[in-house]
Amino acid sequence: MALASPAAAQTGGDPIYYQDPDGRPFYSLTPKKTADGRDYRSVPAGADLSFEDEPAPAPAVAENRKIKFYRNPMGLADTSPTPKKDSMGMDYIPVYEGEDSDDGSVKISPGKIQRTGVKSESAARRVIRTMIRAPGTIQLDERRVSVISMRAESYVQKVADVTTGAHVVKGQPLMEIYSPAVSSAAAEYISTLNSKVTGGDGPYGRGSRQRLMNLDVPDAAIVTMEKSRQVPIGIDWTSPRDGVVLERNAIEGMRAQPGAVLFRIADHTLVWAVIDVAERDLGALAVGQPASVKARGFPGREFAGQINVIYPEINKETRTARLRIELTNPDLVLLHGMYVDADIEIGSAKPVLTVPESAVMDTGRRQAVFIDKGEGRFEPREVKLGQRGDGYVEVRQGVSAGERIVISANFLIDAESNLKAALKGFADGAQQ
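Residues numbered from 1 in each chain as written. Predicted model: local features only at pLDDT ≥ 70, side-chain atom pairs only at ≥ 80, totals over all residues. Heavy atoms only, no water.

(A) A look at the side chain of T192. Examined against the element boundaries, T192 turns out to sit in helix α4 (residues 180–194). Judged by its relative accessible area of 8%, T192 falls in the buried class. A polar side-chain atom of T192 sits 3.3 Å from a polar atom in the side chain of S208. (Helix = DSSP H or I, 4+ residues; strand = E, 2+ residues; numbered from the N terminus. Buried < 20%, exposed > 50% of the residue type's maximum accessible area, 1.4 Å probe, protein only. Polar contact = N/O pair within 3.5 Å; in protein donor to acceptor, adjacent residues only side chain to side chain.)

(B) Region of the structure containing the nonpolar core. Membership of the largest hydrophobic core comes to 30 residues, with the highest contact counts inside it found for L174, M175, L212, V217, W237 and F263. Put simply, the parts of the chain that give this core at least two residues each are β12 (154–159), β14 (173–178), α4, α6 (219–228), β15 (235–238) and β18 (261–266). By residue number, the principal contributor to this core is α4, which donates six residues. The residues contacting V217, other than those within four sequence positions of it, are V182, L212, I222, I235 and W237. Counting residues in each nonpolar core, the second largest holds 24 residues, with A134, I138, A273 and L285 among its members. (Core = buried A, V, L, I, M, F, W, Y, C linked by side-chain atoms within 4.5 Å. Contact = heavy atoms within 4.5 Å.)

(C) Local environment of the sheet that holds strand β1 (residues 15–19). Here we have three strands laid out as an open sheet, ordered β2-β1-β3, and antiparallel in their pairing. In the strand order of this sheet, the two ends are held by β2 (27–28) and β3 (41–44), each with one partner. Note: β1 against β2, two bridges, orientation antiparallel. Across the sheet, the residue bridging to Q19 is Y27, located in β2. (Pairing = 2+ DSSP bridges.)

(D) Region of the structure containing unusual backbone geometry. With a phi close to 65 degrees, D216 is a non-glycine residue in the positive phi region. Its place among the elements puts D216 in the loop between α5 (203–214) and α6. Assessed through its relative accessible area of 33%, D216 is described here as partly exposed. Located in the positive-phi region is R319, a residue other than glycine, with phi close to 50 degrees. Within the fold, R319 resides in the loop between β21 (302–314) and β22 (320–328).

(E) Layout of the pattern of salt bridges. Scanning the model with the defined rule gives 24 salt bridges in all. K85 serves as the salt-bridge partner of D91, at 2.4 Å between the closest nitrogen and oxygen. Relative accessible area serves as the criterion here: at 48%, D91 is assigned to the partly exposed category. Note that E247 is salt-bridged to R264, the shortest N-O span being 3.3 Å. Here R264 lies in strand β18 and E247 lies in strand β16 (residues 243–248), a separation of 17 residues in the sequence. When salt bridges with common partners are traced through the structure, they connect D141, R143, R144, D267 and E326 into a single cluster. (Salt bridge = Lys/Arg side-chain N within 4 Å of Asp/Glu carboxyl O.)

(F) Structural detail: the pairing of β14. Note: β12 against β14, four bridges, orientation antiparallel. Paired with K158 across the strands is E176, a residue of β14. Two strands pair when backbone bridges link them, and β14 and β15 are joined in this way by four bridges, in the antiparallel orientation. Residue pairing in the sheet places E176 in a bridge with D236 of β15.

(G) Main features of the packing of aromatic side chains. Tallied over the full model, the rule gives zero aromatic pairs. The ring of Y311 has R322 sitting right over it, with the charged end atom 4.9 Å from the ring centre. One Lys or Arg, R324, reaches over the ring of W272 and ends 3.8 Å from the middle of that ring. (Phe/Tyr/Trp six-rings, centres within 6.5 Å; stacked < 30°, edge-to-face > 60°. Lys NZ or Arg CZ within 6 Å of the ring centre and 35° of its normal.)

(H) Seen up close, α4. The terminal C-alpha atoms of α4, which comprises 15 residues, lie 21 Å apart, in line with the 21 Å expected from a rise of 1.5 Å per residue. Among the residues of α4, those classed as buried are V182, S183, A185, A186, Y189, I190, T192 and L193. (Expected span 1.5 Å × (residues − 1).)

(I) Spatial organisation of the sheet that holds strand β11 (residues 145–149). The antiparallel open sheet is built from four strands, whose spatial order is β11-β18-β16-β13. The open sheet terminates on both sides in strands that have one partner only, identified here as β11 and β13 (167–168).

(J) Broad picture of the environment of V340. With respect to the helices, strands and loops of the structure, V340 is situated in strand β23 (residues 339–346). For V340 and T137, which are 203 residues apart along the polypeptide, the C-alpha to C-alpha distance reads 5.6 Å.

See below:
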């Protein structure tokens, strides 16, 4: 008497197909031999692979619950009110009362939950710290730039040893100027001071001095005239502030026309960081917020400041807005035009109800999460969101603290939910 194969002994039943004896993906519906004469291995029905969940004990379910309809075993949107087989001879799967709840939830078997890697986490209150990072450039403080130009036709007699990029201090001589208009005003002022009738601080003296001031003659030069009571041929023009020479156009012997820029000096001890932020971030920014600026030329170093101005204009091409951060620059390492990156912290210091970002399913028009109600049942729920940061998102409406939220494989639950909703719709239509 022939012995049964191990598979047949364990499962029993007639073979439903035959497989290559070496396990290769070659199959046959009838007995077959390999090229070297070996028989294909028979596979009975009980030994066939199945990726479906192990069914729950049918008798207990059948005794306690009523079958509502039968659904297609391949997941197609086809139902039947009576037992039925599909075109491949597979039985339709019964759906019992309670398995298709009307609360919008979906039930998934424990085996499928384990295979798909469904994980849940409780909604909890956390402090969300969000950082806006945006690029920008260093610019000069408009209030700390001085231009030295003549208000009357003048001649440059001498230029001090000052070049572009040099640091100067207030009152430092820059050049010696001869101007007929200035000499005439100085002679009139000295004459007024020396006169016994108009001398002193009378109206004539104040008027003559005001004429020199109107020609922008430095105060130090006027004081020298008052002490010496002499009209100088050349007048020393000095720096009006501490700063760096950005522009030097004065050349010895040149003729300077009124309004011509001879020197431009800027104070770098306080500079502006002009930052470009995305239009979507404007609602979270306000004047006075602290900011940290990092210069690309000095990695590891940070410059602290705060937002002083948010410019009332949007760049049409980049859809960005500009804001200004004032920075102290005592060692003058921040230079005009330097690229920087700003970190601006937003969000509330108070804890808010949050869930992981991976839990939210966003369609663009609505956001939803799946609530884990236990025993394999999941309920989709629409939520209203707030700030995001550190991998979490604020939930302002739709979820309560302590509720367990699905944080992984939620798209598979969503697919299962949509499938069961479609099957239920077909079933309701078939019963009407």
